[in-house]
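Here's the letter readout for the chains.
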Amino acid sequence: MVGVTEFDARPPTVAVAPAAVAAVVALVPALGSGVGLALGAAGAGLLVFGAQQGARRFVSLGAAALAVGVVFGAATGLDPAYTLVGGVGTVVAYDAGEHAVSLGVDVGRDARVGQSVLVHVFSTAALSALVAAVTLVVYTFGPRSLPVTALVTLLLGGTLLAYVLRT
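Rules behind the numbers
Residues numbered from 1 in each chain as written. Predicted model: local features only at pLDDT ≥ 70, side-chain atom pairs only at ≥ 80, totals over all residues. Heavy atoms only, no water. Core = buried A, V, L, I, M, F, W, Y, C linked by side-chain atoms within 4.5 Å. Buried < 20%, exposed > 50% of the residue type's maximum accessible area, 1.4 Å probe, protein only. Helix = DSSP H or I, 4+ residues; strand = E, 2+ residues; numbered from the N terminus. Contact = heavy atoms within 4.5 Å. Salt bridge = Lys/Arg side-chain N within 4 Å of Asp/Glu carboxyl O. Phe/Tyr/Trp six-rings, centres within 6.5 Å; stacked < 30°, edge-to-face > 60°.

Enquirer: Talk me through the nonpolar core; I want residue IDs and the actual numbers.
Expert: Counting 28 residues, the largest nonpolar core has Ala15, Leu47, Leu66, Ala93 and Val117 as the members making the most contacts within it. Elements that contribute at least two residues to this core include exactly α1 (13-26), α2 (34-53), α3 (56-75), α4 (80-107) and α5 (114-141). Top element by residues in this core is α4. It accounts for eight residues. In this structure leucine 66 touches Ala23, Ala26, Leu27, Gly40, Gly43, Ala44, Leu47, Thr90 and Ala93, once residues within four positions along its chain are discounted.

Enquirer: Explain the pattern of salt bridges to me, using residue names and the numbers behind them.
Expert: Per the stated rule, a full pass over the model turns up one salt bridge. The closest approach of N and O atoms between glutamate 98 and arginine 56, which form a salt bridge, is 2.7 Å. Placement of the pair is glutamate 98 in helix α4 and arginine 56 in helix α3, with a sequence separation of 42 residues. With a relative accessible area of 16%, glutamate 98 lands in the buried category.

Enquirer: How would you sum up the packing of aromatic side chains? Please name residues and give values.
Expert: A full pass over the atoms with the stated rule returns one aromatic pair. With a centroid separation of 5.4 Å and an interplanar angle of 75°, the aromatic rings of phenylalanine 49 and phenylalanine 58 are classed as edge-to-face. On the accessibility criterion, phenylalanine 49 (39% relative accessible area) is partly exposed.

None of the figures reported here should be taken as evidence of function without further support.
As structure tokens, this is what we get:
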């Protein structure tokens, strides 16, 4: 007779890994700012912890701290392309962390979710990269008086629009 094991609602490990990788990528623009790097690193840690434990609150707080780290990095005069890399990394880390938590609740820690995670993370990364590319083109070829904050605002606005359209 096969014994029944208790359901473990923590996210599968394979679902947490993309969130961790994207959180590290999000730290790129924060390297130019000590405060930004400290906030970003704390955010990355919170986000990964939240994804591992299935705690959405920590995933959200971590993503917010990562985003602030990106903004601090951008304020140092960093090249806009690096700022966009950080923005895309933050969005992908947040979305992958949230997806990991959802998988834990829906199917549990022991489920095989590799294909689901791959498709979800790839689509989020592709959509975010497209928004970043359009933002960079507008910044590069648009009016010369466009400040870096407008670049970050365009990225966040495009990402928010993509999120709203997806739900």
